[in-house]
Amino acid sequence: MSRLNMTSGLGLTLLVLILSRPAVTFVPIGGGTSTHVSITGTALLQKVTETCRAVAEAAGHEFKPTGSSPGELVQACLGPTATGEVSGVKFHSALQEIYTQNGLVDRNFGNSAPHHFNSEAFLEGRSLITNGMTSIKANIRIENFKAARETLGRVLHTLQDFYSHSNWVELGYTEPYVALLRPDLPLENLADIDTATCSDCATGTCSNPILQNILKEKKLTSGYMGSFSAGKPQGKCSHGGEADLSSTTVPRGGINKDERRSDNLAFHNAAVNAATVASLQLLEDIRLTAGNNDFLRLMGITRSSVVCFVIDNTGSMSDDIDAARNAVYKIIDRKKGTQDEPSEYVLVTFNDPDFGPLFRTTDPDEMKTKISKIKATGGGDLPEMCLSGLQLALTGSPASSHIYVFTDAPAKDIHLKNTIVALIRSTKSTVSFYITKTIGRRRRSVRAASFNDYRELAQASGGQAIQVSKGQLPQATDVILDTSTSALVTVFQRAMDPGKPETFPFMLDESLQNITIYITGTFITFTLTNPAGVNQSNTETTGALAFIQTVGNLRRILLNADKQPGSWKISINCKQPYTIKVTGQSTITFIYDFVESFKGPHPGYAVVSGLPQAGRPATLILSVIGRKGPSSLSVENVGLVVSDTGAESNGTRTDMGNGDILVTVDAVPAGEFVVILKGTDKVSISAFQRQSTTQLSVSKVNIQAMVDKSAEPGGNYSLPFSVMTQGPGGKFTISGRNDKGFPMSYPKSLSLTTGTYANETLIITPPSNTTSGTDVTLTLEAKSSNGVDSNYAVLRLSVVTKITDFVQPVCEVVSVLADDCPQDMSQCTFFEWELSANITDGNGTGIATISLRQGDGTLSHTSLSGPSIQASYNASCCSQIVEFVAIDEVSNVGKCYHSIVRSASHAAFSLSTPLCLCLLVSAWTVNG
């Protein structure tokens, strides 16, 4: 199941498409729709639904989505008590990240037998799964959810391929192979290298070429994949297909079940079913380890955007720190209990020479306490480590965060500017700077050149560079209240440098609320006009159309609540550089990624890391999210718009259904550009437009690098990378950075020949005391000697301590006292039952937590430090089932279950029992 195509269900987004033939087609492969995306999506949505229902029931309300869109699912999951709109875009984006990494296994590791369980590489394939699971759990433990999602996508691909590429279902097995998730269990009955496994299939499409003795003896084998040679061990099965050269060597044919065909229909469906249940088991193991709330955070199910503050805490910053502190207090106090309540707060301080550490919390009161303790001390006339602090914020915050930087000094570490731009583009986060002017001789003001650096970084992200006096700063922080919202969208934005008089038209639709226009610049006059022709100039603070606030170089224009949908315009007269941005709240939005094609055994498209390639059409996958799902929108145009001139390059659209659109732009504009989307909202029958915020450009340089495993503390990790240019060859400078300051070695320059990749290796050495689960963000940049062209790659590497304890805790029920429970359940309220159990971890690392998963009673236990832990549970006879979960110090998970239903005493089982034994195939469905 290595070829990917689209599936339906709750607005799922396709990121990796297939090239099933030399001509690109977008039809179900082989007439079926069961692929990695559909299998992964089915499992993820079922597990998310189960988790949301459990969280809702624990909170005392019903989980009842009003529809099938991501926003409606998230709204129901977060609960009905919070007021305001909620967007499903983060959930949508989290699923994309998992699908993307799942598909990249075919590009980055297409010829690796362990990644696909080809060529009987069973032990190696299982190691990829179990080591990946260790990394995922370590990442979640310290809230590195993005790194966990990326590893999850790769692990699911390998796990699912086992059922398609081996003979597991041909052997008659219908349940998953639990030993793939349990390294403490042996992989049994493997066919050895000298054992023939297949008969010859001259046609290449035999229904079951596995030898009868292999089937009778239940020997496990998988097909050999010959990407470069037709050779294979004598008598062995081949994978099969056009890309497998070994399939022409006797025994010919293949046993893969990637596609649904008439000759393998039953086996294909059985493989899909087993792969789906196996994916559910893996996800359940993660959920048990993480807990319901962190599992939902892993899936991107949160209320609002993450709000991050990066604050200069040197001596002259007292007023600024007070303003930032008050802004945090306002956000917490005004948005608590609403859908706009931030899902997470992040704080980074900096001065010189220090910056960090990064502080992160979901508790607003904890954030209040932390920011209240910031004191302005020290300082002098030297610039500060502003960009180092910002780098830490960009790598430590989730994607699409809003980051606010407070400083009155230039950046000492301006050499990080290109790295910051790369991180902004990679994360799609928005960065705004609050730059204050000092009075007297305490400290120098930010020089014009330094302000331009901040302004360029803000523009690259779609943020603002706001320059005010210290006394004006409290008024300027209203922008933070505007943008810390669940459903913020950008309608229109432009950056003019040099400035000139211009009229900017933009479309407002009926769904938009709290519409705000921001203009930054000096010596600006403007006139705003609504669809009816009513005007308001900048001199009218409170007028017919809006309330206008002027603070420093910022104009904040808050439109009246009775705004008219339709075509608006604003005419600006200014000869200095300026920016304009129109935002609002709406659940109508889109997400996108630029993609590039790749070849190999399973060709397809992969998300571009870095800038799209110059000199060729740009291809992007765009997913549209409407108020009632993608069917509630009609998309009429997708294109690229130049940030300063407004020139548009429209794309050719291929509607993939389900809100997914493949867009090809033949004439990619020069300079910085953003993505623009125009269409009609069918709910209100009004035209809408949306723009992306992050500015992009094209490059003739290409960098490819891949992370295939985690690093170990104290060890050297080798990262191969390749650089190529389609422009003039010559010497290119290589720059590598990581956000943790770990030692790295790599060549500082490469000599490139046009059109040819140069291969090199970067070595990074995490210190031996690095916390397991630490997420390291690596940025690689290649720049031509004349500085005209450059590109970058941003990668995430997890540092995980090697695990040797794979044994799950064991539970033994000692006694159950339930004889008093009545047969007549109407009387159950007046009676109770009790259970006692022993929980042990053998020679493992010890039990870390014990928690109640099912049951309305009370669970208590003795100290976790002992070799044997006594657990006691008592509950009303009305609550007849108990299940509690034990997790050891390295996140091995086990469950203890008991039921007194109908007086049928269910024996307690060891926590080493395979997970999800209670799953029924009828409880979920698989397309195809």
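Rules used throughout
Residues numbered from 1 in each chain as written. Predicted model: local features only at pLDDT ≥ 70, side-chain atom pairs only at ≥ 80, totals over all residues. Heavy atoms only, no water. Helix = DSSP H or I, 4+ residues; strand = E, 2+ residues; numbered from the N terminus. Core = buried A, V, L, I, M, F, W, Y, C linked by side-chain atoms within 4.5 Å. Buried < 20%, exposed > 50% of the residue type's maximum accessible area, 1.4 Å probe, protein only. Axes fitted to C-alpha atoms, helices over the stretch in contact; angles between N-to-C directions. Parallel < 35°, antiparallel > 145°, perpendicular 65-115°, else oblique. Contact = heavy atoms within 4.5 Å. Nonpolar A, V, L, I, M, F, W, Y, C, P; charged D, E, K, R; others polar. Salt bridge = Lys/Arg side-chain N within 4 Å of Asp/Glu carboxyl O.

Peer 1: Would you mind going over unusual backbone geometry with me for this structure?
Peer 2: Of all residues except glycine, most have a negative phi; of all peptide bonds, most are trans. Across the junction of Gly356 and Pro357, the peptide omega takes the value 0°, indicating a cis bond. In this fold, Pro357 is placed in the loop between β2 (345-350) and β3 (359-361). The omega torsion across Asp497 and Pro498 is 10°, close enough to zero to call that bond cis. Counting through the fold element by element, Pro498 comes out in the loop between β7 (488-496) and β8 (502-508). For Phe523, which is not glycine, the phi torsion reads 55° and is therefore positive. Structurally, Phe523 is set in the loop between β9 (513-520) and β10 (525-529).

Peer 1: Would you mind showing me how to read the nonpolar core here?
Peer 2: Soluble, globular proteins show a tendency: their nonpolar side chains are buried together. Residues Tyr163 and Ile301 are the most contacted members of the largest nonpolar core, which totals 62 residues. Among the secondary structure elements, those contributing two or more residues to this core are α1 (36-59), α2 (70-78), α3 (89-108), α5 (122-141), α6 (145-165), α7 (212-217), α8 (265-290) and α9 (292-298). Tallying contributions element by element places α8 first for this core, with ten residues. Formed by 53 residues, the second largest nonpolar core is a distinct cluster that contains Leu394, Phe590, Val624 and Val663.

Peer 1: Help me out: how do you make sense of the packing of α1 against α6 in this one?
Peer 2: What describes two packed helices is the angle between their axes and the distance between those same axes. With their axes 11 Å apart at the nearest point, α1 and α6 run at an angle of 110° to one another. Classified by the angle their axes make, α1 and α6 are roughly perpendicular. From α1, His36, Ile39 and Thr40 reach across to α6, where they touch Leu156, His157, Gln160 and Asp161. Considered class by class, the residues forming the contact of α1 with α6 number two nonpolar, four polar and one charged.

Peer 1: Looking at this model, I keep getting lost on the pattern of salt bridges. Mind explaining?
Peer 2: It is possible for side chains of opposite charge to pair when their charged atoms get near one another. A complete count under the given rule lists 42 salt bridges for this structure. Across the pair Arg182 and Asp184 runs a salt bridge whose closest N-O atoms are separated by 2.6 Å. The class of Arg182 is buried, set by a relative accessible area of 6%. Its relative accessible area of 28% is what places Asp184 among the partly exposed residues.

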